[in-house]
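If you want the building blocks of each chain, they are given just below.
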Amino acid sequence: MNIRNGSQSLLKLMIVDDSNIIRRRIERSQQIARLEVVGSASNGREAVELFRRTQPDVVTMDLTMPEMDGIECVQELVALNSKVLILVVSALADKATAVEAIEKGANGFLCKPFTDRQLNDALHELLLDA
Amino acid sequence: MLKESEIRTFIEGATNYFEISAQQSASVGSPYLVTDGNPGAYDYTGIIGVSGARKGIVYFSAPRGMLAVLLMRMQETDTSDENIKDLVGEVANTISGNARRDFGRNFVISVPTVVSNDVERVTAPYSKSYVIPINWRKHSAKLVVCLE
């Protein structure tokens, strides 16, 4: 069973952000959302490699990153597993970017800066909508 | 040159950052124009390059003490130099990224470059920059916007 069916089992979460502080914040918050962190990456290229190894169910994805940006990474992850749930967590606050991320396969968008509650609400919503 | 409404975008970005991330308001002093190409800096500076429809830089500069307290307000116990640099870059990135709400997606921002303890290395690409003073708790920082 999993959270999408109202059960207690954990879903695997991968965190992608070039900021260590943000990665740690998301790691600390995810306990409420019943997600288990299986790894974190600081750029899109690392994220694709980690995704292949860990097969996460849920991904939080920054957009402005070195090596490979978040939009390109979303496309690559969705190509590897179309069922992955991706929450974009980015400072880029224009609507066009959010729309593009959703069109490329992301399932939600949370704008930085965010409170722990906003993050948890966004993750819950992501899982409920799945 | 920046319009008044554009300066307001950055002021709102800065106050919003502290309000949400630190759960504590910051106050903003009167923005002023620097014309000698040297807007100044504190211990740590996160610099964002801007390209696309606008060109230049946006930077956030703050003393170590302010950044360490800000980290702690964010429940981060590790106040190492690495995390302080990460934070100053993230603040600059967040304020600049949020500005796209008004500037649009053609306000293209780079990943942050961080300069620490080397004020001389922090320079503006053009002679004119707007400086937005930020006061939080007992600390002072500045947001500098230098756009063509």
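Computed from a prediction, not measured in an experiment: that's the story for all the values here.

1. Quick notes on the overall build of chain A
Helices and strands together make up the secondary structure of chain A, namely five helices and five strands. By residue count, 49% of the 130 residues in chain A fall in the buried class. Considering only residue pairs separated by 6 or more positions, chain A has 60% of its internal contacts joining residues 24 or more positions apart.

2. What about unusual backbone geometry?
Cis geometry is found at the peptide bond from A:K112 to A:P113, where omega equals -5°. Relative to the helices and strands, A:P113 resides in the loop between β5 (108-111) and α5 (116-129). One non-glycine residue, B:R137, adopts positive backbone phi at about 55°. Residue B:R137 is classed as partly exposed on the basis of its 14 C-beta neighbours within 10 Å.

3. Points about the nonpolar core
In globular proteins that are soluble, nonpolar side chains generally tend to be buried together. Of all hydrophobic cores here, the largest spans 82 residues; its most connected members are A:M61, A:I86 and B:I95. Ignoring sequence-local partners within four residues, the contact set of A:I86 consists of A:V59, A:M61, A:V74, A:L77, A:G105, A:A106 and A:N107.

4. Quick notes on the interface of chain B and chain A
Contacts between chain B and chain A engage 21 residues on the former and 22 residues on the latter. Those elements that provide at least two residues to the side of chain B that touches chain A are α1 (4-22), α3 (81-98) and α4 (100-103) of chain B.

5. Concerning the packing of α1(B) against α3(B)
Residue and element names in this part refer to chain B. Axis separation between α1 and α3 bottoms out at 9 Å; the angle between their running directions is 130°. One element, α1, and the other, α3, form an angle in the oblique class. As for the relative orientation of α1 and α3, their crossing is right-handed in sense. Here F10, G13, A14, N16 and Y17 of α1 come into contact with α3, specifically with V91, T94, I95 and N98. Residues of the contact of α1 with α3, tallied by class, amount to five nonpolar, four polar and no charged.

6. A few points about the sheet that holds strand β4 (residues 85-90) of chain A
Residues and elements named next belong to chain A. Spatially, the five strands line up as an open sheet ordered β2-β1-β3-β4-β5, and their pairing is parallel. The sheet is open, and its two edges are formed by β2 (35-41) and β5, each paired on a single side. Each strand of the sheet is rotated relative to its neighbour by a mean of 20°, with strand direction disregarded. Here strand β1 (residues 11-16) pairs with strand β3 (residues 58-61) via four bridges, running parallel. Residue I15 lies in a different strand from β3, and its bridge partner there is T60.

Conventions we followed
Residues numbered from 1 in each chain as written. Chains lettered and ligands numbered in written order. Predicted model: local features only at pLDDT ≥ 70, side-chain atom pairs only at ≥ 80, totals over all residues. Helix = DSSP H or I, 4+ residues; strand = E, 2+ residues; numbered from the N terminus. Buried ≥ 20, exposed ≤ 12 C-beta atoms within 10 Å, placed from the backbone. Contact = placed C-beta atoms within 7 Å. Core = buried A, V, L, I, M, F, W, Y, C linked by C-beta atoms within 7 Å. Axes fitted to C-alpha atoms, helices over the stretch in contact; angles between N-to-C directions. Parallel < 35°, antiparallel > 145°, perpendicular 65-115°, else oblique. Left-handed = near helix turned anticlockwise from the far one by under 90°. Nonpolar A, V, L, I, M, F, W, Y, C, P; charged D, E, K, R; others polar. Pairing = 2+ DSSP bridges.

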